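Each chain, written out:
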Amino acid sequence: MTTSVLVPMPVLLPLLGAGVTLMLSRRPRAQRIATVTILATVAVLAAVLLVEADRSGPQVVWLGGWSAPLGIALVADRLAALMLLVSAVVTLLVLLYSLGQGMTGDDTEAPVSVYHPTFLVLVAGVSNAFLAGDLFNLFVGFEMLLFASYVLLTLGGTSTRVRAGTIYVVVNMLSSALFLVSLAAVYAACGTVNLAQLSERVDDLPDDVALALQLLLLTTFAIKAAVFPLSFWLPDSYPTAPAPVTAVFAGLLTKVGVYAILRMQTLVFPDSPLSGVLMWVALLTMLIGILGAVAQSDIKRMLSFTLVSHIGYMIFGVGLATAAGISGAVFYVAHHITIQTALFLVVGLIERRAGSAGLLRLGGLARLSPVIAILFFIPAMNLAGIPPASGFIGKVGLLQAGLDVGTPLAIGLVVGGVLTSLLTLYAVAKTWALAFWRTPEQAHEIAATLPHLDEELEDHHHAQGMVVHRDHVHVGGTAFGSRDLEDARRVVDSDSPERDLYQLLRDGALPSRLPASMVLPTAILVVITALLTVVAGPLFAFTDRAADDLIERTPYVSSVLDEEGR
Amino acid sequence: MDANLTLILTSSFLIGTGVYLILERSLTRVLIGLVLLSNGANLLFMVASGPAGDPPILSSGEPDDTGMADPLPQAMVLTAIVITLATTAFLLAMAYRSWQLHGNDDVQDDIEDAQIRRLAAADAASDSYDLTLEASAEDTATDEVYEEEGSES
């Protein structure tokens with residue numbers, strides 16, 4: 001078991017890297033090299049773990065050499081290794097993209113030096129959550145990635161980001177508190193938080209106690225995964241962050257929640273009475289999410305809503321609780337991580353090229369920049385599930401699994417899934433028609449006839465609670481010099497520029513070229529999403545094996561607990 | 001295992017108060033609510049760890065865990081406390097930044113949401129929003145525009 005030594009590395013290396021890059025914060029070049037090297041290494045390690053987990057079963061490490069209830073296990077089975085590999089590749093590409101974008105995105109005043117360490121902590125947290133072999137370590141993994149995400153989301157501290165960040169942080173702190181409560185309950189009931197031991201002990205619990213534990217854990221993870229009744233925080237907070245940050249959030253963070261739900265449902269609560277509830281929730285998530293997406297007038301927000309909606313597909317697979325359903329869900333997670341990240345990176349390109357991602361302001365992008373059009377079109381069609389693409393294959397796998405189960409609810413979900421797919425197509429087609437097909441003049445003329453939505457809102461937004469009097473600004477009983485306020489305002493973002501694309505083009509205020517270092521990583525990611533179609537057969541075979549492991553439970557449990565004595 | 005009723009009551013009181021405060025709009029109160037909430041959750045670990053016992057220190061020789069307190073929940077609580085501390089510091093910084101920018105630390109409404117509501121209100125075909133907003137009153141756009149808009153919102 002030599003490769004099992006590698007298991008902690010995807011967590012340790014990024015953490016080490018975070019320290020190193022923090023020390024190198026005055027030397028941006030060295031910092032970049034360090035980050036890229038570490039992320040590339042993690043990707044390679046994840047690939048090795050994947051091969052090894054597939055060939056010789058789950059790889060287990062007991063940290064510090066302590067045994068079962070006290071020790072902390074890290075486990076890389078097929079599912080965890082696959083998630084690890086996909087996330088490592090995606091984070092590497094996003095980081096390369098953000099280097100091209102000028103480190104931190106659109107905001108030049110953002111503290112550049114913290115970006116790399118925070119990003120690495122995020123990667124460490126994600127890896128830790130995927131590898132965690134006990135619930136408390138999962139909690140720690142969540143907290144690591146959440147904390148990094150708090151910082152990345154509010155990077156620069158502009159008005160919009162602080163507003164969005166507030167909601168995000170409060171919701172996630174609440175879910176963390178809920179997680180703590182469930183941990184205490186689990187420990188009180190079972191005397192352990194190790195997943196393998198839990199899976200043996202939960203069976204002996206009275207049914208109602210087990211149900212209570214399951215509900216607590218499911219609610220916690222549903223908040224993280226943005227499953228319907230608990231999804232409202234997501235479209236509100238994600239779109240405000242810089243494009244690469246949104247991309248990595250959308251790709252990974254919710255999927256960590258889905259992964260946790262999947263792990264709980266298969267390993268700890270296999271014969272759960274809640275499968276029906278999960279399927280209802282999945283249906284509502286799909287439909288309500290996509291209806292929200294159709295209504296949006298900003299590409300980033302539209303994509304955030306499709307993100308919520310497509311989480312429903314994964315929960316659908318988990319709710320079916322058959323090998324086929326779980327295999328489909330795992331495949332869909334892998335597909336969706338790459339596709340959603342790719343789309344958000346493209347939106348970053350649109351923002352760079354056209355100054356905005358608002359559909360009211362955009363038009364004629366297909367002529368303005370054919371490269372962006374192609375890069376948007378391929379993953380967008382993939383997201384909607386147009387036949388040759390991996391999105392289609394994943395959906396077919398899930399729908400087939402639903403039909404195999406054949407209960408009325410499962411059939412209803414199949415119908416809902418098809419409907420969601422159609423509405424997704426409608427949402428991306430609408431985006432395509434407005435942003436890429438019509439001319440900027442048309443967009444300008446139509447926008448001019450609309451009531452001025454932005455200005456009213458902006459005025460209302462900023463005027464709140466401020467009284468200007470004799471060069472002083474009185475705010476809630478305190479007076480500032482107006483210069484202080486100017487200083488603060490200067491950092492207030494220009495997220496919603498006054499001019500639309502037509503005016504920007506007329507004034508020649510746009511960069512005429514996109515940096516290749518931004519386009520290239522996006523293109524690579526789009527190629528990877530297309531490649532998923534090519535390797536869909538082997539990948540589905542792999543997820544089938546992973547799903548069999550998960551349903552069987554013994555490979556995981558025995559390899560964790562046998563390792564204990566060593 | 002006997003559960004400690006005092007701890008449970010204290011914990012539920014803290015969590016209840018915390019939830020009440022989280023429902024406030026001011027970020028400072030939300031923050032205090034979250035601190036109370038996580039303290040309540042931490043106390044639950046004390047319930048889970050059972051009655052107090054000897055310090056869980058294994059000296060050389062036989063491990064004797066008969067009268068020993070359970071060390072695991074304490075380790076978890078320590079971790080949780082550290083995490084809460086860090087998050088509290090971060091939220092405080094955000095409340096301060098919010099106050100710098102807006103002069104208050106109220107949690108703001110979503111601007112884009114309001115914008116979409118206005119778009120819908122400006123759309124004559126949509127009767128689902130009978131909001132009496134200024135946008136619909138002063139809207140002088142032509143029918144063609146409504147159609148264009150209808151396809152968008």
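Because the structure is predicted, anything quoted here is derived from the model rather than measured.

(A) Focus on the overall build of chain B. Scanning chain B from terminus to terminus reveals six helices and zero strands. Element order for chain B, N to C, with α for helix and β for strand: α-α-α-α-α-α. Split into buried and exposed, the 153 residues of chain B put 41% on the buried side. Accessible surface for chain B amounts to roughly 8600 Å². Of this, 59% is attributable to carbon and sulfur atoms.

(B) Quick look at the overall build of chain A. When you go through chain A residue by residue, the secondary structure sums to 24 helices and five strands. Per-residue burial for chain A yields a buried fraction of 63% across its 566 residues. Taking as baseline every contact in chain A between residues at least 6 positions apart, the subset at least 24 positions apart corresponds to 80%. Here chain A displays about 19700 Å² of accessible surface, and carbon together with sulfur accounts for 65% of that area.

(C) Looking closely at the environment of Pro51(B). Looking at the secondary structure, you find Pro51(B) in the loop between α2 (27-48) and α3 (71-102). With 16 residues separating them in the primary sequence, Pro51(B) and Gly67(B) have C-alpha atoms 9.8 Å apart.

(D) Main features of the pattern of salt bridges. All names here are of chain A. Here the structure, examined in full by the defined rule, presents seven salt bridges over all chains. In this structure, Asp549 engages Arg78 in a salt bridge whose closest nitrogen and oxygen atoms are separated by 2.8 Å. Pair noted here: Asp549 is in helix α23 (residues 536-552) and Arg78 is in helix α3 (residues 78-100), with a separation of 471 residues, a long-range link. The class of Asp549 is buried, set by a relative accessible area of 15%.

(E) Empty space enclosed by the protein, seen in detail. Under the counting rule described, the total for this entry stands at six cavities of 30 Å³ or more. Taken together, 13 residues form the lining of the largest cavity, with Met173(A), Ser176(A), Ala177(A), Ser38(B) and Thr84(B) sitting closest to its centre. Put simply, the parts of the chain that give the lining of the largest cavity at least two residues each are α5 (135-153) and α6 (159-190) of chain A together with α2 and α3 of chain B. Here the residues of the lining of the largest cavity are counted per class, giving eight nonpolar, four polar and one charged. Considered as a void within the structure, the second largest cavity measures approximately 60 Å³ in volume. As for the second largest cavity, its lining consists of Phe142(A), Leu145(A), Leu146(A), Tyr168(A), Asn172(A), Lys224(A), Trp233(A), Tyr238(A), Leu253(A) and Thr254(A). Among the elements of the structure, α5, α6 and α10 (243-268) of chain A are those that each provide at least two residues to the lining of the second largest cavity. It is α5(A) that provides the largest number of residues to the lining of the second largest cavity, a total of three residues. Residues belonging to the lining of the second largest cavity are distributed by class as follows: seven nonpolar, two polar and one charged.

(F) Molecular detail of the packing of α10(A) against helix α13 (residues 323-354) of chain A. Residue and element names in this part refer to chain A. Across the interface, α10 lies against α13 with an axial gap of 7 Å and an inter-helix angle of 170 degrees. As the angle between them shows, α10 and α13 are arranged roughly antiparallel. Contacts from Ala243, Pro244, Thr246, Ala247, Ala250, Gly251, Leu252, Lys255, Val258, Leu262 and Thr266 in α10 reach Ile326, Val330, Val333, His336, Ile337, Gln340, Thr341, Phe344, Leu345 and Gly348 in α13. In terms of residue class, the contact of α10 with α13 is made up of 13 nonpolar, seven polar and one charged.

(G) Seen up close, unusual backbone geometry. Residues and elements named next belong to chain A. Even without being a glycine, Ala226 presents a positive backbone phi close to 60 degrees. Mapped onto the fold, Ala226 is located in the loop between α8 (207-225) and α9 (233-237). For Ala321, which is not glycine, the phi torsion reads 60 degrees and is therefore positive. Within the fold, Ala321 resides in the loop between α12 (299-320) and α13.

(H) The nonpolar core, seen in detail. All names here are of chain A. By size, the foremost hydrophobic cluster in this structure holds 209 residues, and its most contacted members are Leu135 and Phe436. The element best represented in this core is α13, accounting for 18 residues. When sequence neighbours within four positions are dropped, the list of residues in contact with Leu135 reads Phe179, Leu183, Val186, Val193, Leu195, Leu198, Leu217 and Met264.

(I) Focus on the pairing of strand β1 (residues 59-63) of chain A. Residue and element names in this part refer to chain A. With four of five residues buried, β1 is to be regarded as a mostly interior element. Relative to strand β2 (residues 72-76), β1 runs antiparallel, the two being bridged by five bridges. In the sheet register, Trp62 faces β2, and the bridge partner there is Ala73.

(J) Fine view of the packing of aromatic side chains. One pass over the structure, following the stated rule, counts 25 aromatic pairs over all chains. Ring plane angle 85 degrees and centroid distance 5.0 Å describe the contact between Phe130(A) and Tyr259(A), whose orientation is recorded as edge-to-face. Linking Phe130(A) in helix α4 (residues 115-131) with Tyr259(A) in helix α10, this pair joins segments that are 129 residues apart in sequence. In terms of burial, Phe130(A) and Tyr259(A) fall into one category: buried. Ring pairs connect the aromatic residues Phe147(A), Tyr150(A), Tyr168(A), Trp233(A), Tyr238(A), Phe249(A) and Phe90(B), which therefore count as one cluster. The ring of Phe142(A) carries the charged tip of Lys224(A) above its face, separated from the ring centre by 5.0 Å. When the ring centre of Tyr313(A) is taken as reference, the NZ or CZ atom of Lys395(A) above it lies at 5.3 Å.

(K) Expanded view of the confidence of the model for chain B. Averaged over all residues, the pLDDT of chain B is 73; the fraction at 70 or higher stands at 63%. Counted against residues more than four places away or in other chains, residues 124-153 of chain B, with its pLDDT under 50, gives 37 contacts.

(L) Seen up close, the side chain of Thr341(A). Tracing the backbone shows Thr341(A) in helix α13. Leave out the neighbours within four places in its chain, and Thr341(A) touches Val90(A), Val94(A), Ala247(A), Gly251(A) and Leu525(A).

(M) Local environment of helix α22 (residues 516-534) of chain A. All names here are of chain A. Taking 1.5 Å as the rise per residue, α22 with 19 residues should run 27 Å; its terminal C-alpha atoms sit 26 Å apart, in good agreement. The complete set of buried residues in α22 reads Met518, Val519, Pro521, Thr522, Leu525, Val526, Thr529 and Leu532. Those residues of α22 hidden inside the fold are in contact with α3, α13, α15 (370-384), α16 (390-405) and α23.

(N) Layout of α16(A). Residues and elements named next belong to chain A. Helix length check: α16 (16 residues) gives 23 Å between terminal C-alpha atoms against 22 Å at 1.5 Å per residue, within 8%. Those residues of α16 that fall on the buried side of the exposure criterion are Ser390, Gly391, Gly394, Lys395, Gly397, Leu398, Leu399, Ala401 and Gly402. Lining the buried residues of α16 we find α12, α13, α15, α17 (408-437), α22 and α23. Of the residues one or two after α16, Gly406 is the one with positive phi, at around 75 degrees.

(O) Region of the structure containing the packing of α13(A) against α15(A). All names here are of chain A. Where α13 meets α15, the closest approach of the two axes is 9 Å, and the angle between their N-to-C directions is 150 degrees. Put simply, α13 runs roughly antiparallel to α15. Seen along the crossing, α13 lies across α15 with a hand that is left-handed. Contacts between α13 and α15 involve His335, His336, Ile339, Gln340, Ala342, Leu343, Val346, Leu349, Ile350 and Arg353 from the first element and Ile372, Leu375, Phe376, Pro379, Ala380, Asn382 and Leu383 from the second. Of the residues belonging to the contact of α13 with α15, the class tally is 12 nonpolar, four polar and one charged.

(P) Examining a nonpolar patch on the surface more closely. A surface patch of nonpolar side chains, amounting to about 350 Å² of accessible area, comprises Val527(A), Leu531(A), Val534(A) and Val535(A). Following the sequence through the fold, Val527(A) ends up in helix α22.

Cut-offs applied
Residues numbered from 1 in each chain as written. Chains lettered and ligands numbered in written order. Predicted model: local features only at pLDDT ≥ 70, side-chain atom pairs only at ≥ 80, totals over all residues. Heavy atoms only, no water. Helix = DSSP H or I, 4+ residues; strand = E, 2+ residues; numbered from the N terminus. Buried < 20%, exposed > 50% of the residue type's maximum accessible area, 1.4 Å probe, protein only. Areas by Shrake-Rupley, 256 points an atom, 1.4 Å probe, with all protein chains shown as cover. Contact = heavy atoms within 4.5 Å. Salt bridge = Lys/Arg side-chain N within 4 Å of Asp/Glu carboxyl O. 1 Å grid on protein atoms, 1.4 Å probe; cavity = no way out; pocket = protein on both sides within 12 Å on 5 of 7 lines; lining within 4 Å. Points joined across faces, edges and corners; volume = space filled by probe spheres on them. Nonpolar A, V, L, I, M, F, W, Y, C, P; charged D, E, K, R; others polar. Axes fitted to C-alpha atoms, helices over the stretch in contact; angles between N-to-C directions. Parallel < 35°, antiparallel > 145°, perpendicular 65-115°, else oblique. Core = buried A, V, L, I, M, F, W, Y, C linked by side-chain atoms within 4.5 Å. Pairing = 2+ DSSP bridges. Phe/Tyr/Trp six-rings, centres within 6.5 Å; stacked < 30°, edge-to-face > 60°. Lys NZ or Arg CZ within 6 Å of the ring centre and 35° of its normal. pLDDT = per-residue confidence, 0-100. Expected span 1.5 Å × (residues − 1). Left-handed = near helix turned anticlockwise from the far one by under 90°. Patch = residues over 30% accessible without salt bridge, like charges linked within 9 Å, V, L, I, M, F, W, Y side chains within 5 Å.

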